[in-house]
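Reading the structure
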Amino acid sequence: GLRFDRTLHSYLRDAAKSGIRLVAHSGFGADKPVFDSVEGFESPWEWWDDSMLLHWFENSHLTKAPTKDESDDSGAMGFMDLYTATSLVARVPNWKEHRGSACHGPCPSCDANGYCAIDSWAGLEVFLVNRERLLKRGFSWKTFEQRSELANYLFKMESKGVRIDREFVRKFSENLEGL
């Protein structure tokens, strides 16, 4: 089976502590929680740059709004998965598509290390290209940092839940009825 190389993870932790950013596609919802679980502590959100979030800033016009039906927004491409995002910034074959029983290998789907390496490169490429495009147009990096912090907290809320003060909600509801 596969063995996790603790030295590599320690290297990543030390790099992040020294100011080198960790880039991942869907980093707050996928890579950061895995990293934190393996390391046994919660890494600061400031260590992470999420290429999916940055890609949304660059390509929000292509995404389908969550409240729309497919027919309302027929030109939308969805939320921008890693392959879609990568195909808009680099010319690469679709490594996410597996040929199944027709696979004669080697293909990235049959090679976990190769597949993960391509994913890592693709997330970084999406981040670098979109960052350059946005900054050339005067995009405020502070906006990206604020949304990154929000994304981190929203993922925590999604995964851990949110405590509701039922008494407050009841009183608030009564006050609204009285208006």
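Coordinates for the structure precede this section.
Everything numeric here is computed off the predicted structure, so don't read it as measured data. (Residues numbered from 1 in each chain as written. Predicted model: local features only at pLDDT ≥ 70, side-chain atom pairs only at ≥ 80, totals over all residues. Heavy atoms only, no water.)

Let us now look at the pattern of salt bridges. This structure, assessed with the given rule, holds eight salt bridges. For Arg21, the salt bridge is made with Asp49, and the minimal N-O distance between the two is 2.6 Å. Pair noted here: Arg21 is in the loop between α1 (6-17) and β1 (22-24) and Asp49 is in strand β2 (residues 48-50), with a separation of 28 residues, a long-range link. Linking Glu58 and Arg137 is a salt bridge whose minimum nitrogen-to-oxygen distance equals 2.9 Å. In this pair, Glu58 is assigned in helix α3 (residues 51-59) and Arg137 in the loop between α5 (112-136) and α6 (141-160), connecting sequence segments 79 residues apart. Given a relative accessible area of 13%, Glu58 falls into the buried group. Looking at Arg137, the relative accessible area reads 56%, which means it is exposed. (Salt bridge = Lys/Arg side-chain N within 4 Å of Asp/Glu carboxyl O. Helix = DSSP H or I, 4+ residues; strand = E, 2+ residues; numbered from the N terminus. Buried < 20%, exposed > 50% of the residue type's maximum accessible area, 1.4 Å probe, protein only.)

Before going further, it helps to spend a moment on the environment of Leu12. Note that Leu12 resides in helix α1. We classify Leu12 as partly exposed; its relative accessible area is 29%. For the pair Leu12 and Phe35, spaced 23 residues apart in sequence, the C-alpha separation works out to 9.3 Å.

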